[in-house]
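Each chain, written out:
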Amino acid sequence: MDQHLWYSKNCESPWEAEPFCKFYLRTPYPDSLRRSTWSSKPALELSSWPSSKSCKFLRKRPEKIDHGDIDFVVAYPLNREIIPPEQVGRVLGAIKSIELDGNRPSNYAVEIGPEDWLVHSAQPLPSDHIYCQVDVRVCGDEQEAQRLSIFHGYGDLGIIIGAIAKGCGLKVNHDGLKVPAPPPDPAVQLTDSPRAIFDFMGLSVDRWLRGFETVEETFEFAAASRFFDPRRLHVPSMDAFNKSVQSRDMYLDFLVWAQGKTPTTSSAGPCQEAAEEALVRFGKKSEWDAMVNGRYAKTWLKSNFNGKLVAEWTGLGWKGVKAVMDDVRSSAGGECALVGMEPEKLKKLVFASQASLKLEAEQK
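Residues numbered from 1 in each chain as written. Predicted model: local features only at pLDDT ≥ 70, side-chain atom pairs only at ≥ 80, totals over all residues. Heavy atoms only, no water.

Peer 1: What is the right way to look at the overall build of the chain in this model?
Peer 2: Looking only at helices and strands, the chain features 14 helices and twelve strands. In the chain, once contacts between residues fewer than 6 apart in sequence are set aside, the share between residues at least 24 apart is 66%. Accessible area of the chain: about 18,600 Å², with a carbon and sulfur share of 52%. (Helix = DSSP H or I, 4+ residues; strand = E, 2+ residues; numbered from the N terminus. Contact = heavy atoms within 4.5 Å. Areas by Shrake-Rupley, 256 points an atom, 1.4 Å probe, with all protein chains shown as cover.)

Peer 1: Would you mind going over the sheet that holds strand β8 (residues 171–173) with me for this structure?
Peer 2: Taken together, the three strands give an open sheet; going across it, the order is β8-β9-β10, and neighbouring strands pair in antiparallel fashion. The strands lining the two open edges of the sheet, one partner per strand, are β8 and β10 (188–191). In this sheet, adjacent strand axes meet at a mean angle of 30 degrees when their direction is disregarded. Helix α6 (residues 194–201) rests against β8, β9 (176–179) and β10 of the sheet, and its axis sits at about 55 degrees to β9. (Pairing = 2+ DSSP bridges. Axes fitted to C-alpha atoms, helices over the stretch in contact; angles between N-to-C directions.)

Peer 1: Help me out: how do you make sense of the confidence of the model for the chain in this one?
Peer 2: Of the residues in the chain, 71% have a pLDDT of 70 or more, and the chain-wide mean is 76. Segment residues 1–56: pLDDT under 50, and 239 contacts once partners within four positions in sequence are set aside and those in other chains are kept. When the criterion is pLDDT under 50, residues 240–245 qualifies, and its contacts beyond four places in sequence or with other chains add up to twelve contacts. (pLDDT = per-residue confidence, 0-100.)

Peer 1: Would you mind going over the pattern of salt bridges with me for this structure?
Peer 2: Opposite charge on two side chains permits pairing when their charged atoms draw close. Overall, the coordinates contain 14 salt bridges when judged by the stated rule. The partner of Asp192 in a salt bridge is Arg147, and the shortest N-O contact between them spans 3.4 Å. A residue pair is termed long-range when its members are at least 10 positions apart, and Asp192 in the loop between β10 and α6 and Arg147 in helix α4 (residues 142–151) qualify at 45 residues. A salt bridge links Glu217 to Arg207; the nearest nitrogen and oxygen atoms lie 3.6 Å apart. Taken together, the positions of Glu217 in helix α8 (residues 215–223) and Arg207 in helix α7 (residues 205–210) put the pair ten residues apart, joining distant regions of the chain. Classification of Glu217 by relative accessible area gives partly exposed; the value is 26%. (Salt bridge = Lys/Arg side-chain N within 4 Å of Asp/Glu carboxyl O. Buried < 20%, exposed > 50% of the residue type's maximum accessible area, 1.4 Å probe, protein only.)

Peer 1: Is there a simple way to think about the environment of Ala145 in this case?
Peer 2: Among the secondary structure elements, Ala145 is positioned in helix α4. Exposure remark for Ala145: the relative accessible area of 0% places this residue in the buried category. In sequence terms Ala145 and His174 are 29 residues apart; their C-alpha atoms lie 8.9 Å from each other.

Peer 1: Before we go on, may I ask you to explain α4 in this structure?
Peer 2: Given 3.6 residues per turn, any residue in an α-helix points the same way as the ones three and four places further on. Judged by how many residues are buried, α4 sits mostly within the fold: eight of ten residues are covered. Within the sequence span of α4, burial applies to Glu144, Ala145, Gln146, Arg147, Leu148, Ser149, Ile150 and Phe151.

Peer 1: Hey, could you run me through the side chain of His174 in this one?
Peer 2: Mapping His174 onto the fold places it in the loop between β8 and β9. Using a relative accessible area of 11% as the deciding quantity, one classes His174 as buried.

Peer 1: In this structure, what is going on with the nonpolar core? I would like to understand it.
Peer 2: The tendency in soluble globular proteins is for nonpolar side chains to be buried as a group. One finds Ile161, Ile164, Leu170, Phe198, Met201 and Phe254 to be the most contacted residues of the largest nonpolar core, which totals 47 residues. By residue number, the principal contributor to this core is helix α5 (residues 157–166), which donates seven residues. Apart from residues lying up to four places away in sequence, Phe198 is in contact with Ile150, Phe151, Ile161, Leu203, Ser204, Val205, Trp208 and Phe221. The next biggest cluster of nonpolar side chains, apart from the first, holds 13 residues, and it includes Leu316, Val324, Leu338 and Val350. (Core = buried A, V, L, I, M, F, W, Y, C linked by side-chain atoms within 4.5 Å.)

Peer 1: How should unusual backbone geometry be read in this particular structure?
Peer 2: In this structure, Pro184 follows Pro183 across a cis peptide bond, with omega equal to 5 degrees. Phi is positive for Tyr154, close to 55 degrees, though the residue is something other than glycine. Here Tyr154 lies in the loop between α4 and α5. Relative accessible area serves as the criterion here: at 1%, Tyr154 is assigned to the buried category. Unlike most non-glycine residues, Lys358 shows phi in positive territory, near 55 degrees. If you trace the backbone, Lys358 turns up in the segment after α14 (343–356). With a relative accessible area of 71%, Lys358 lands in the exposed category.

Peer 1: In this structure, what is going on with α8? I would like to understand it.
Peer 2: Of the positions making up α8, those classed as buried are Val215, Thr218, Phe219, Phe221, Ala222 and Ala223. Taken together, the buried residues of α8 touch α5, α6, α7 and α9 (249–258).

Peer 1: In this structure, what is going on with the packing of α5 against α8? I would like to understand it.
Peer 2: For any two helices packed against each other, the geometry comes down to the angle between their axes and how far apart the axes lie. Taken N-terminus to C-terminus, the directions of α5 and α8 make an angle of 25 degrees; their axes are 10 Å apart at the nearest point. By the angle class used here, α5 and α8 are roughly parallel. As for how α5 packs across α8, the hand of that crossing is right-handed. Contacts between α5 and α8 involve Leu157, Ile160, Ile161 and Ile164 from the former and Thr218, Phe219, Phe221 and Ala222 from the latter. The residue inventory of the contact of α5 with α8, partitioned by class, reads seven nonpolar, one polar and no charged. (Parallel < 35°, antiparallel > 145°, perpendicular 65-115°, else oblique. Left-handed = near helix turned anticlockwise from the far one by under 90°. Nonpolar A, V, L, I, M, F, W, Y, C, P; charged D, E, K, R; others polar.)

So this is what it looks like as structure tokens:
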């Protein structure tokens, strides 16, 4: 299986990112370290990375003055080989690491040389040894790398799009487009294609690719969604960052900006309409209906055909109750055939099974 890497390291750079490459490198260095630092040691590291052919940067928030971290994409492709976390550490020259196998992020401590620090920082060296943290995430396939590129590009734009979708009963993030279901049922995955998601929401991937010069342009882009309705916006949790979206200034600025804006025509209907349309569009309506019917059947049976009720009706102990319930299910052609049955009819089936099994009520 091809591997795709998301790599993180502190740094400052004005470079613009290009999306849609297979490997993710997401990076952080102290803010004072600039392009020449990154182009020396890390470029050497990337050149020694097995089978990676290019390195590009993910697109940052417009009008951003400094950068606490920079996102990189490294591509393309691997020779169907597995790169273990320890090999990543060797390539990066990591001093310490927390390594996790599979599609999970590993963390590496990489030392910043005193020469790099002194060349690019006006401040004295704060200690003998300075380290930056490098986070590497292995993506399962190119599609996942594309989704991460789209939904983590341009600051909080992906979060804003997700919030607009959530307002009409949908879930959109770097995992794809889903329709949430009541617990414990899982959400129904509709698609993981960024272009298909944008098309459904009335957004343009081509416009996204042309880029944005200002934050307001990103707001206008998101508000062009046919599901935009400022009355339905609320603060969603940000699972990918494991912290509240309240710490994201760009998202909060969007909430202020959106107030008083006119909802789009498609957002005027009930939330259920958007979810229903999405299920039909992506061919998941039958799967959804089966899940809804299964959930209803389970709830109905739990309330109307359970061991406690059968024991009350028949006066049997737990062995007798089990035998009767199994016999009722068998005679009815399966448990699902009982769902929605009139209570008196169901009782008659229970008593008929008790009689056929010749089970007497226990003496109290």
